Structures are given as C-alpha cells and as structure tokens.
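Chain by chain, the residues run as shown.
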Amino acid sequence: MHRRRSGGGKVVAETTSAVTLTGASYPAVHYIPLSDVDQALVELTSSHTYCSYKGEAPYYSIVTPEKKIADAVWFYEEPFEAVGAIAGRVAFYPSTLRSPPRPSPTDGPARGWSGFPFDTPLHPCAQPGTHLIRTRLCERRTEMTELTLEEVEAYVLGVCFKTGPPERIGVETEWLVQDHHNPLLPISVDRLNAALTPIEATGALPGGSRLTREPGGQLQLSSPPALSLGACVEMMTADLAVLRTTVEQADLALVGRGLDPYREPPRVLDHPRYRAMESFFDREGPWGRDMMRRTASVQINLACGEDSRGISGYRSRWELAHRIGPVLVAAFANSPIQDGWPTGWLSSRQDVWSRMDAGRTRPPLYHSDPRVAWTRYALDAQVMCIPGALNGDWSAPSGLTFRAWLRGVPELRPPTLADLDDHLSALFPPVRPHGWLELRMTDAQNGDDWVVPTALAATLLNDTVAADAAYAATEPLCRDSQRPVPSHDVWLRAARTGLDDQDLAKAARACFAAADSALAVPGAPAVLRHALTDFAERYTERSRSPAHDHLDALRRT
C-alpha cells in the first residue's frame, strides 16, 4: 500500500481509486475521483487552461476558514480519448501538499502570466491504481516539507520550462500614472484607489486581463494567455481602453515610458516582501529603488516550446529570445531622461537594471541546455526575502544564496517549495522562464505602440521562417563561437546608443523585415502588419527609437 500524506492540516481527499498519469520519464501525477474529495473544502473558479494533449481544464480553489488557495486543483470534464480515464477526476497543485510530488512537464499547472494556470504537458499515459492516497492541506506555508537539491532541479525542469507546442501568447503592459495637467505632481494612493474602484470588480475588464500595482504606483495590465497573436492583441486592446477611460475620468493619464522622467515616487506598497526587496537593493545603491518605483516595461510572454532540438524546441527558443533581446532594447528604447535631464542612455531603464545585482538581473551563463543554466542561476542567486509573519521582517541574511540555504544555515529554517517559488519570482533576467518565456527587456511604449514589440517578438519566435531569419540577422551580435548569445557589452550598447550601433541597426531592420514577411500571409491580422511597418518607417529605418522624440522635445524647450 502506498500512502502519501502531509503532516498537519485538514484531510482534503482520500482514495483507493487513483488513476496515475505518466509521460516520458517524468514523475507520475495522481488523478483521484471527485467523489473522494471533501466537497466542503473546494470551490469551483472561473479559471481554465487548455492542454494540446488532454483538453480543457477547469479549476477548484481549496477553501477553509483559515485560508484560500486559488486554483489549487484542476480536472478535465471531457478529456481527449487517449486519456479518457482521467475524466471526472482531479489533481492537486504540488505546493498545496505537505509532501508534494515532484512537478513534471507531463502534467500540472505552472502559474500563468496573468494569474491563470498554464498547462502544456507532453504526451501522457493513464494507468489505474489501487493504492491509498491521502492528501492534507498545509495550514502554514512554513510547515511544508523542506526541499532537496534533486527536488529543486525537478521543479525547474517541470515547472519553469513547461514544454509543449509553442501556441500561447500573452503580454503585460506597465504604465506610469501621471496627473493629466501636471506630470510633475505626485499621485497619492488615495487618489489612485478612488480612480480604479470602478474596474476592480471581477469581470470589469472584457478581455479578462488582470490589473495589478507596482511598488511606485505604476499599473500593470496582464492579458490571459491567448492561442494567437491577434487574439492576444485584441484582449489587451479592449482592456486597455477600459483602463484608460477609467483613469481619464479621474483626470489621470497612463504614460508609456521606460523610466519616469521627472518624479521619484515613494513606495506605495507596504507588503513585507517589498520592504525586504528594497532593503536588499539598498545595499548596492539607489538603482533598486529606481527600478521598483520609477520603471515600466512591455513584457511579452511566449510558450517555452517543445522538448525537441528543432527551431520550435525550448532550447532554440530560449537562445533566440536572448539573441533578439538587445534588438528589442535598442529598437524600442524609450527612457532617455531622468529628473528632467538626458542621462546619456536611450534606455535609462536598462541602464538601471545593469547596475543592480548581476546575479539576478543579467542573463544566465550560457549552457546548451537552458534548464541547467537556469537551475545554476537560481541556486547561486542571493535570497532576497524569507517569508514569515505579515507584520515581520522578511529580510534574508546578507550574501545567502539559495544553494547555501538548501545546505542548511544555523538558526534559519530550511527552504520549502513555496520559498523556491518566491525566490524564482525575485529573479529578473531579461528572459525569465516561468512555465513560459517572459521577455522583460523592452521599455514601456507610447500609446498603442506596445503592439509592435509584442508582434515582433511573437512572430520572430513562432514563425519558423522568421525565426531562421532572425537567428541569421543576430549572428554579428554573438562574436563568441562557444557562446551563441550576445555578451553583456552588446546589451549595454543597445541601451546606451540604440540603433546608432551599426550591427544592432542592421539586425533590427532584418528582424522587422522578417516579421513583416511573416505577417503578410493570408489570414494574418492586417492591423498588426500595419503597426509594425508604421513603426519601422518612423523609427527603425531611420536608426531612431521613441527615445529620440523625447530628446528632440527636450531640446525645443
């Protein structure tokens, strides 16, 4: 008899009728009958994900008088025929368990970029079982089983690099919030709260995006993952229109710039995580505060890709995302001014990032398998915070890496899976694997120009012909034959001089041309191609970026 339990907490489910789902060589996931789950402890949510191999998955939250764990349980009402045995059965997200199973690319959700789980497993195989499975809910996150190095590696394999067909696309747009009449005026928390009240109710945004706030009062709108570029842009456009109208009614404006050119806002989020983050960055200078309070970006979220060696495989997509990264920095640089003066950088936001903790802001050292590179990066990065009581100090000991924490530190509790999740979310390289690839290097853009980097990046990675062209175009940016990605110096050149750099200008024009050709095919939304070509004519073909417009305006004043 096999028994899996989690010491302490309520029993959520107990069964002897599990179906075990396996795939490739990855650990099994148990699906148990819904009838064997305590119905008083689960609540159906509105979240759904789609798996190319199993079908549509709704979610339950686990609810007790003490806590609620959103989207902790998933199931398939009508799974595809190959896995029909899991119909009507549920599986639990690993971090809700006292003794969590090792996560796997074959099943289970990795948290989606807009708060929705994201499910893209490999081919599964379902087998019935008769062993007893008892699942208990952890009452406190610190009670979860401590991690081993093997479990960390398995988590990175199965959750950070979720593999499957490269279909899903999402975008996160960040915005500075300014007074409509006076951009120098600070915006109080009370004023921002009042302005956003009409759209903070569930369902207020028609595209389903999630609205959140950054530490300095910036707003972030995160789209749900979409099955096409056109659908992604449509959802964000609809939700952004509602957000803009709402803030304009409060005499506020959404401003798309990579760095606030005038103000140094106070930190408005007082959660202990942000207090610990600020304290961590303060050890090295003011750059962390600038990042937290003054910056904004466009973040493009693309599926990791298949577990293959081809252009649609996660290895190639990871590499290409890094190769086009400096191109995106240079082409969309939009932050040349700070405190009212030119900084000498076209993307001052990228300059800020370059001056912060290199072990969490620069790309990982190259390795032919990005999972190995990311595991080493995560283990060797310093721990920023150690969660505890909400009114406590979450600051981590200075210099503590996650690897050292795993090995044991006197008078410090061992890390848990929840701590690993927190640690991974506090790493900020230009490309971050989150179950998908999060491209984080692009400055926030004016008006609706966020569409252009979204369309460009998604097309270059998802269209095989465009991907080949982009790979060739970025070859001059990768001088080291043993390391086929740009060096740190290339990233700095992109941020400082933009398309004045001839190699970057040539690569940018070739990437825009490749994306334009891919979007010229029948069925592609014409509005996307128009946005791309219009931007290229205004900027890329002239070796300019939006930053030059701001510098020109400053010279005229």
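A brief report on the enclosed structure follows.

How each quantity is defined
- Residues numbered from 1 in each chain as written.
- Predicted model: local features only at pLDDT ≥ 70, side-chain atom pairs only at ≥ 80, totals over all residues.
- Heavy atoms only, no water.
- Helix = DSSP H or I, 4+ residues; strand = E, 2+ residues; numbered from the N terminus.
- Buried < 20%, exposed > 50% of the residue type's maximum accessible area, 1.4 Å probe, protein only.
- Contact = heavy atoms within 4.5 Å.
- Areas by Shrake-Rupley, 256 points an atom, 1.4 Å probe, with all protein chains shown as cover.
- Polar contact = N/O pair within 3.5 Å; in protein donor to acceptor, adjacent residues only side chain to side chain.
- Pairing = 2+ DSSP bridges.
- Phe/Tyr/Trp six-rings, centres within 6.5 Å; stacked < 30°, edge-to-face > 60°.
- Lys NZ or Arg CZ within 6 Å of the ring centre and 35° of its normal.

Secondary structure summary: the protein contains 17 helices and 20 strands in total. Relative to its full complement of 557 residues, the protein shows a buried share of 57%. Here the analysis covers contacts within the protein between residues at least 6 apart in sequence; of these, 73% occur between residues at least 24 apart. Looking at the protein as shown, the accessible area adds up to about 21,700 Å², and 52% of this sits on carbon and sulfur atoms.

Examined against the element boundaries, Asp179 turns out to sit in strand 12 (residues 169–179). A polar atom in the side chain of Asp179 sits 2.9 Å from the backbone nitrogen of His181. Looking at Asp179, its side chain comes within polar contact range of the main-chain nitrogen of Asn182, at 2.9 Å. Sequence-distant contacts of Asp179, defined by excluding residues within four places in its chain, comprise Leu185, Ile187, Arg191, Asp251 and Leu252.

We now examine the pairing of strand 20 (residues 436–443). With 8 of 8 residues buried, strand 20 is to be regarded as a mostly interior element. Where strand 16 (residues 297–303) lies against strand 20, 6 bridges are found, and the strand directions are antiparallel. The partner of Ser297 across the bridge, within strand 20, is Asp443. Pairing geometry for strand 19 (residues 431–433) and strand 20, over 3 bridges, is antiparallel. Residue Pro433 lies in a different strand from strand 20, and its bridge partner there is Leu437. Between the end of strand 19 and the start of strand 20, which pair antiparallel, lie 2 residues, with Gly435 showing a positive phi angle near 95°.

Since one α-helical turn is 3.6 residues long, residues separated by three or four positions face the same way. Most of helix 9 (residues 370–380) sits out of view: 8 of its 11 residues are buried. Inspection of helix 9 places Pro370, Arg371, Ala373, Trp374, Thr375, Tyr377, Ala378 and Leu379 among the buried residues, and these make up the whole buried set. Of the residues that open helix 9, the one with a side-chain oxygen 3.0 Å from the backbone nitrogen of Arg371 is Asp369.

The description of an aromatic ring pair rests on the distance of the ring centres and on the angle between the ring planes. With the rule as written, the count across this model stands at 12 aromatic pairs. On the basis of an interplanar angle of 35° and a centroid distance of 4.8 Å, the ring pair of Phe332 and Phe535 is categorised as tilted. Note that Phe332 is positioned in the loop between helix 6 (314–331) and strand 17 (337–338) and Phe535 in helix 16 (residues 526–538), a separation of 203 residues in sequence. Each residue in the set Phe332, Phe512, Phe535 and Tyr539 is aromatic and connected to the rest through ring pairs, giving one cluster. For Arg355, the ring lying beneath its charged end belongs to Trp287, and the centroid distance is 4.9 Å.

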